[in-house]
Amino acid sequence: MAGNEWINGYLEAIIDTGTTVTEDLKPTPPVGFNPTKYFVEEVVSGVDETDLHRTWIKVVATRNTRERTSRLENICWRIWHLARKKKQLESEDTQRLATRRYERELGRRDATEDMSEDFSESEKVDPTGEIVQSETPRKRFQRNFSNLEVWSDDNKGKKLYIILISLHGLVRGDNMELGRDSDTGGQIKYVVELARALAMMPGVYRVDLFTRQISSPDIDWSYGEPTEMLTAGSESNDRNDVGESSGAYIIRIPFGPRDKYLHKELLWPHIQEFVDGALAHVLNMSRVLGEQIGGGHPVWPYVIHSHYADAGDSAALLSGALNVPMVLTGHSLGRNKLEQLLKQGRQSKEDINSTYKIMRRIEAEELSLDAAELVITSTKQEIEEQWGLYDGFDVKLEKVLRARARRGVNCHGRYMPRMVVIPPGMDFSNVVQEEMPEADGELSALIGDGSPRAVPPIWSEVMRFFTNPHKPIILALSRPDPKKNLTTLLKAFGECRPLRELANLMLIMGNRDDIEEMSSGNASVLTTVLKLIDKYDLYGHVAYPKHHKQSDVPDIYRLAAKSKGVFINPALVEPFGLTLIEAAAHGLPMVATKNGGPVDIHQALNNGLLVDPHDQQAIADALLKLVSEKNLWQDCRKNGWRNIHLFSWPEHCRTYLTRVAACRMRHPQWQTDTPMDELEAEDSLGDSLKDVQDMSLRLSVDGDKASVNGSLEYGGSELEKVASAQGGPEVQDQIKKILSKIKKPASEQQEIEGGKKQFENVGNKYPNLRRRRRLIVVALDCYNSEGNPDNKMLPIIHEILKAGRIDSQAARFSGFALTTAMPLSETVEFLKSGHVQVTEFDAVICSSGSEVYYPGTSAEEGEKLTPDPDYASHIDYRWGCEGLKKTIWKLMNTREGRVDKAEKSASPIEEDVKSSNAHCISYFIKDSSKAKRVDDMRQKLRMRGLRCHLMYCRNSTRMQAIPLLASRSQALRYLFVRWRLNVANMYVVLGETGDTDYEELISGTHKTLIMKGVVENGSEELLRTTGSYLKDDIVPGGSPLVAYTTKEAKADEISNVFKELSKSVAGI
């Protein structure tokens, strides 16, 4: 490029000029074609660095001087545009961070002011905001466990059931395809090994690892198997205590397209479908385990542990439905990734959100923080620098609330999840620690200096790259991801001649067949690696095999250790660094990034050096120091072996179970006014009578239509006769087994009457809902401008009720439910105005899911509605009613954190006492223009330590706050847990829009019927602010579980739609 030195000065002048260039280069009103305007608007604005690099390659290859100069000018314009864009994004990022810091400080101040009246001096916030002071791992361990009972063999009799959730990627127990894509990485290996290790701990009976079931021709058939055993259970348990269901299992739940492998960014709309499928498995397993180890009582999960944001979102809903504790491990966090991408200045926030669904991921992580009892991190840095970015966690406020809770002082409904550091474990059973002789036999045989000896195949694959295989090997093992910083490592190696002369470099960068078929990011890194090898002429010095199996990884570490090499992790930021522990276990000293988890690992192991990953020279110097100084190398190797037990799986699981045991234990508890033995007897009798009823349906000679009240067609002896005539041996045996449970009266007529009476008695004590196999749920949010229910909804309800009864056989086991934002009194009054009896419904879910009622089941009770006595305690978790009232009122009457004095007398809200109850705070919206969006209000409440489910409803005329675990969709799951009415057998009837919880009612395994034209105005415009996640991130498009009809639809048409939905689901 001689003769073009002017380019550097020209580029520097343009970049230094900055945004002022924009004004100078504004084109004048065009006369015909304007080249400058064309460049700025059509060429410059549509490029990135990749396109720029391609253009530069073309410039270098251009021989024509004039054309080359023209292309150089094009590049200059593009560089100017990229520099201007980067500065603009940096300015926006700075402003955004400043706003967030202000909001965080304001929220912290509001929270402390509300609690200031009963502060003690010891609870004042430490200005540093640190959770723990700097201390050694041993001291930290002693401090953390000073008040906790460490898990031991004394817990052998507990027989716990633990659930782990890891949704994305390809999960299986053997031959894991780690590195196949960005979703199948270290997290997969971690959760599988954690499941195995937990199942071997004393007191743990069963561990289920939930993931996605995929039956796609593009992947191995094993990922479509519903169940895979990982281990048979703890060897410490007595043989008599080990049942057929004990051990660790991978449970694959189908959700999303059955025949497609989806990357994690595309799984979000299908999360609720997974929750319903997982809930069905848990209920079945709780019953099975109850028979094996629970003495006939259900064995509920001890804890639900989620891994990553998608699993966290799922676990929050699943733990809420089951009312069991949730534990969260983030692995990598969305806010941290967003900050890193924005700092690069290559993409705007909108572009990042479109590519990575980052806002949906962040909201899932916030929801996980709302519901989690415990958050497990790998390092202290993860707590302070990553989780500290979230609305739902404040380091300083968490210290205050923890101190108050420890002293039994009122926290006014505020809560922050407990964060603990538990480094991941490792399986060292196959690692043999041995001092190497000067001449290692295996290595000598491999390089031809000794007698032939069998060596691992991967060794031969690697050694073929090296001209001099005698030299120590510097090993880097990671995906070819830009964040792993492999290109900087290669530059450091290539530009340091002493290092090249002393050592070889081995890059294990996942598996690949064709670079062209890889993702753009991975392909770009690999292409750059190959170019750098060529640039520095590193052929014979660098190995980069295309393939390796998971079983080869230990041999790869052994090879590097036998050559007296070094392991390096040069990542820009490493959340933990599991490979560093694996390398130390095999006797490899380490050089690692000083950003993230390696700091804590180095503090514990003291087996290497930390470097700045951006400092190419520092990387080269550290590697050269360890390779050249043999005494230092030996000391690092021995230190690693001496301290590696701190990261073993038994140590991890012992710490894990100790921490989980300290959580607030919860599980479903049903209040009954009868002894358990009576309940079980009635339950058994009721189930038997239901079976008789179903059998009578199947054996009906002429298909006679059954009455809606569920009366039996046959008496006992008659049923046996019909079974003998029409049924096979299996049917006859089943009939006899059922009838043996029922005491036969003296005469046939008495038998029929006795059966009816017993059946009614069961209904008197328990709702009719427990006998339903199908539930049709009316969830139409149809209100006028005043927020009152629209009368046009009444005839539609009549048609829906008729539709559910057209098929007489289905009507026998079908029920109805009504779910609404209205309180009970208003709901009953509205139904009466349309001559709809409330007893038509088996359940009435009121006040946006904060109350559940069952109508009377006998003539004496009439239309009396009975509240579910268990639901209130079920949703009470983290409900801070008084704190929420005070804070919501303040936030709604506040502008930018300051009370507007002029608006004190004209508040935009007014408390709706009539619609409020113990678990619902309701407000009238007097001025909708001043109503804050749900996600904005939720953010501010989280910053103040308050957790709830906030929504706008009734045509945007009401705002309601209900408990975190309550909602209309969660209430349906509660009916599944309480009465075993599977969500998959529910049909939810909605309008085209509705309250702000409308989207939650579409997703899931239930069938959805959307009636067009019924609901004209909803409240969804008050749900999200600009830049938030989209509806498509919640609701799956083109789902076979969703059908449509119009408001004019009659009962026949509605019934046919129900049938079509059932057929389409059966065909999936």
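Sequence order as written defines the numbering, with residues in each chain counted from 1. Restriction of local features to residues with pLDDT of at least 70 applies here, the model being predicted, together with a cutoff of 80 or more for giving and counting side-chain atom pairs; totals for whole chains, interfaces and linings are based on all residues. Hydrogens and waters are ignored; side-chain quantities use all the structure's heavy atoms.

## Some words on the overall build of the protein
Spelled out, the test is: Put simply, DSSP H or I for four residues or longer makes a helix, DSSP E for two residues or longer makes a strand, and each gets a number counted from the N terminus. Relative accessibility under 20% of the residue-type maximum defines a buried residue, over 50% an exposed one, and the middle range a partly exposed one, all with a 1.4 Å probe and only protein chains included. Contacts were defined at the residue level, with two residues in contact if any of their heavy atoms lie within 4.5 Å. Where accessible areas are quoted, they stem from the Shrake-Rupley method and a 1.4 Å probe; at the residue level, only the protein chains shown are allowed to cover.
Secondary structure assignment for the protein yields 38 helices and 28 strands. For the protein, the residues scored as buried account for 57% of the 1068 residues in total. Across the protein, contacts joining residues at least 24 apart in sequence account for 73% of those joining residues at least 6 apart. Total accessible area computed for the protein in this model is approximately 46,200 Å², and 49% of it derives from carbon and sulfur atoms.

## Let's talk about the nonpolar core
Spelled out, the test is: Only buried residues count toward a nonpolar core, which is a set of Ala, Val, Leu, Ile, Met, Phe, Trp, Tyr and Cys residues joined through side-chain atoms within 4.5 Å. Residue ranges assigned to each domain were obtained from an automatic or database domain assignment.
Counting 103 residues, the largest nonpolar core has Ile165, Phe210, Phe274, Leu318, Leu322, Trp387 and Leu975 as the members making the most contacts within it. Counting contributing residues, this core receives three or more from each of domain 1 (158-174 + 183-233 + 242-421) and domain 3 (769-877 + 966-1065). In contact with phenylalanine 210, not counting residues within four places along its chain, are Ile163, Leu164, Ile165, Ser166, Ile251, Phe274, Ala278, His281, Val282 and Leu318. In this structure, Met463, Ile508, Phe576 and Ala584 belong to the second largest nonpolar core, which totals 73 residues.

## Re the sheet that holds strand β22 (residues 909-911)
What counts is decided by this rule: For two strands to be treated as a pair, DSSP must find at least two bridges joining them. Between the N-to-C directions of two axes lies an angle of 0 to 180 degrees, each axis being a line fitted to C-alpha atoms and, for a helix, fitted only over the stretch in contact.
One open sheet holds the 4 strands; their spatial order is β22-β23-β25-β24, and the pairing between them is antiparallel. The open sheet has two edge strands, β22 and β24 (949-953), and neither has a second partner. Across this sheet, the average inter-strand angle for adjacent strands is 25°, counted without regard to direction. With 3 bridges joining them, β22 and strand β23 (residues 921-925) adopt antiparallel strand pairing. Across the sheet, the residue bridging to isoleucine 909 is isoleucine 925, located in β23.

## Remarks on unusual backbone geometry
Unusually for a residue other than glycine, histidine 835 sits at a positive phi of about 60°. Tracing the sequence through the fold places histidine 835 in the loop between α32 (824-833) and β17 (843-846). Take histidine 835: its relative accessible area is 69%, and that puts it in the exposed class. For serine 847, which is not a glycine, the phi torsion comes out positive at approximately 50°.

## Thoughts on the sheet that holds strand β4 (residues 247-253)
Pairing within the open sheet is mixed, and its 8 strands lie in the order β3-β4-β2-β1-β5-β6-β7-β8. Strand pairing shows two members of the sheet lacking a second neighbour, β3 (227-231) and β8 (418-421), which therefore form its edges. On average, adjacent strands in this sheet sit at an angle of 25° to one another, irrespective of strand direction. In the packing of helix α8 (residues 271-293) onto the sheet, contacts are made with β1 (160-165), β2 (204-212) and β4, and the angle to β2 comes to roughly 160°. Running over the sheet, helix α12 (residues 358-371) touches β6 (326-329), β7 (374-377) and β8 and is turned about 140° from β6.

## Here's the deal with the packing of aromatic side chains
To be explicit about the condition: By convention, a stacked pair of Phe, Tyr or Trp rings (six-membered ring in the case of Trp) has centres within 6.5 Å and planes under 30 degrees apart, an edge-to-face pair has planes over 60 apart, and any other such pair is tilted. Here, a charge over a ring is recorded when the distance from Lys NZ or Arg CZ to the ring centre is within 6 Å and its angle to the ring normal is within 35 degrees.
Counted according to the given criterion, the structure contains 10 aromatic pairs. Both rings, one in tryptophan 387 and one in tyrosine 390, keep their centres 5.1 Å apart while their planes meet at 50°; by these two values the pair is tilted. Look at tyrosine 390 and you get buried, because its relative accessible area is 0%. Plain terms: the ring middles of tyrosine 987 and phenylalanine 1058 are 5.0 Å apart, the flat faces sit at 55° to each other, and that makes the pair tilted. With tyrosine 987 in strand β26 (residues 986-990) and phenylalanine 1058 in helix α38 (residues 1051-1066), this pair connects stretches of sequence that are 71 residues apart. An aromatic cluster is defined as three or more aromatic residues linked by ring pairs; in this entry it consists of Phe210, Phe255 and Phe274. Over the ring of tryptophan 979 we find arginine 978, and its NZ or CZ is 4.1 Å from the ring centre. Over the aromatic face of tyrosine 987 sits the side chain of lysine 1007, whose NZ or CZ is 5.5 Å from the ring centroid.

## Things to note about the packing of helix α17 (residues 486-495) against helix α23 (residues 616-628)
Cut-off, in case you're wondering: Throughout, a crossing is termed right-handed when the near helix is turned clockwise from the far one, and left-handed when it is turned anticlockwise from it by less than a right angle. Residues are grouped as follows: Ala, Val, Leu, Ile, Met, Phe, Trp, Tyr, Cys and Pro are nonpolar; Asp, Glu, Lys and Arg are charged; all remaining types, including Gly, are polar.
Where α17 meets α23, the axes come as close as 9 Å, and the angle between the chain directions of the two elements is 65°. Along this stretch, α17 crosses α23, giving a crossing that reads as right-handed. The residues of α23 that touch α17, namely those facing Thr488, Leu489, Lys491, Ala492 and Glu495, are Gln616, Ile619, Ala620 and Leu623. Looking at the contact of α17 with α23 residue by residue, the classes come out as 5 nonpolar, 2 polar and 2 charged.

## Quick notes on the confidence of the model for the protein
Selection rule: Confidence of the predictor in every single residue is expressed as pLDDT, which spans 0 to 100.
Summarising the model, the protein shows a mean pLDDT of 81, and 78% of its residues fall at 70 or more. Per-residue pLDDT stays below 50 along residues 9-31; that stretch engages in 19 contacts with residues further than four places along the chain or on separate chains. Here residues 673-715 is a poorly scored stretch, pLDDT under 50, and it has 79 contacts once near neighbours within four places are set aside; other chains count.

## Quick word on a negative patch on the surface
We apply this condition: Only residues whose relative accessible area exceeds 30% and that take part in no salt bridge are eligible for patches, with like-charged residues grouped when within 9 Å of each other and nonpolar side chains (Val, Leu, Ile, Met, Phe, Trp, Tyr) grouped when within 5 Å. In what follows, salt bridge is the name for a side-chain nitrogen of Lys or Arg lying within 4 Å of a carboxyl oxygen of Asp or Glu. When charges are counted, Lys and Arg are positive and Asp and Glu negative, with His and the chain ends excluded. Charge positions come from single atoms, namely NZ of Lys, CZ of Arg, CG of Asp or CD of Glu.
Among the surface-exposed residues, Asp513, Asp514, Glu516 and Glu517 lie close enough to one another that they form a single negatively charged patch. Topologically, glutamate 516 is positioned in the loop between β10 (504-508) and α19 (520-535). Here glutamate 516 falls in the exposed class, since its relative accessible area comes to 71%.

## Regarding the environment of arginine 479
Tracing the backbone shows arginine 479 in the loop between β9 (473-477) and α17. Along the chain, arginine 479 and leucine 178 lie 301 residues apart, while their C-alpha atoms are 9.1 Å from each other. Residue contacts for arginine 479: discarding those within four places in its chain leaves Gly179, Asp181, Ser182, Lys484 and Leu486.

## As for helix α14 (residues 395-406)
Rule in force here: Working rule for helices: expected span equals 1.5 Å times residues minus one. Think of a polar contact as two N or O atoms within 3.5 Å of one another; within protein, one of them needs to be a possible hydrogen donor and the other a possible acceptor, and neighboring residues in sequence only count if both atoms come from side chains.
Taking 1.5 Å of rise per residue, 12 residues should cover 16 Å, and α14 covers 17 Å from first to last C-alpha, within 8% of that figure. Three or more residues of α14 are buried, namely Val395, Leu397, Glu398, Val400, Leu401, Ala403 and Arg404. On its buried side, α14 packs onto α5 (65-115), β8 and α35 (934-943). Near the N-terminus of α14, the side chain that reaches the backbone nitrogen of lysine 396, with its oxygen 3.0 Å away, is that of aspartate 394.

## Observations concerning the pattern of salt bridges
Across all of its chains, the model carries 50 salt bridges by this definition. Of the charged contacts, one joins aspartate 313 and arginine 360 as a salt bridge, the two residues approaching to 2.9 Å between their closest N and O atoms. In this pair, aspartate 313 sits in helix α9 (residues 309-322) while arginine 360 sits in helix α12, placing the two residues 47 residues apart along the sequence. The exposure class assigned to aspartate 313 is buried, which follows from its relative accessible area of 5%.

## Topic: the packing of α9 against α12
Here is the rule: Here the angle decides the label: under 35 degrees means roughly parallel, over 145 means roughly antiparallel, 65 to 115 means roughly perpendicular, and every other value means oblique.
Viewed as axis vectors pointing N to C, α9 and α12 meet at an angle of 45°, and their least axial separation amounts to 8 Å. Judged by the inter-axis angle, α9 sits oblique to α12. Relative to α12, the crossing made by α9 is left-handed. Between α9, through Ala309, Gly312, Asp313 and Ala316, and α12, the contact on the second element is made entirely by Arg360, Arg361, Ala364, Glu365, Leu367, Ser368 and Ala371.

## Some details on helix α10 (residues 334-344)
Among all positions of α10, only Gly334, Arg335, Asn336, Leu338, Glu339, Leu341 and Leu342 are buried. Considering only its buried residues, α10 is in contact with α5, α11 (349-356), α12 and α13 (380-386). Following α10 by one or two positions, glycine 345 has its phi on the positive side, about 75°.

## Things to note about the pairing of strand β13 (residues 590-593)
Threshold: The handedness of a crossover follows from its direction of travel: if, with the strands pointing away from the viewer, the path from the first strand over the helix to the second runs clockwise, the crossover is right-handed.
Taken together, the 3 bridges between strand β12 (residues 566-569) and β13 define a ladder with parallel strand orientation. Bridged to asparagine 569 within β13 is alanine 592. Note that the unit made of β12, helix α21 (residues 578-585) and β13 has a crossover that is right-handed. Bridging between β13 and strand β14 (residues 608-611) involves 4 bridges; their strand directions are parallel. Across the sheet, methionine 590 pairs through a bridge with glycine 608, a residue of β14. Between the parallel pair β13 and β14, the chain is carried across by helix α22 (residues 598-605), and the sense of this crossover is right-handed.

## Side note on the environment of methionine 115
Here methionine 115 is to be found in helix α5. Of the residues examined, methionine 115 reaches a relative accessible area of 0% and is grouped as buried. With 286 residues separating them in the primary sequence, methionine 115 and leucine 401 have C-alpha atoms 9.7 Å apart. When residues no more than four places from it in sequence are discounted, the contact partners of methionine 115 are Leu397, Val400, Leu401, Arg404, Cys411, His412 and Arg414.

## Let's talk about the side chain of serine 956
Mapped onto the fold, serine 956 is located in the loop between β24 and β25 (958-962). A residue is classified by how much of its surface remains accessible, and serine 956, at 10% relative accessible area, is buried. A polar atom in the side chain of serine 956 sits 3.4 Å from the backbone oxygen of glycine 1018. Not counting residues within four places of it along the chain, the set of residues in contact with serine 956 comprises Ile925, Gly1018, Ser1019, Glu1021 and Leu1022.

## Observations regarding the environment of valine 828
Considering the arrangement of structural elements, one finds valine 828 in helix α32. Look at valine 828 and you get buried, because its relative accessible area is 18%. For the pair valine 828 and valine 838, spaced 10 residues apart in sequence, the C-alpha separation works out to 6.7 Å. When sequence neighbours within four positions are dropped, the list of residues in contact with valine 828 reads Val838 and Leu865.

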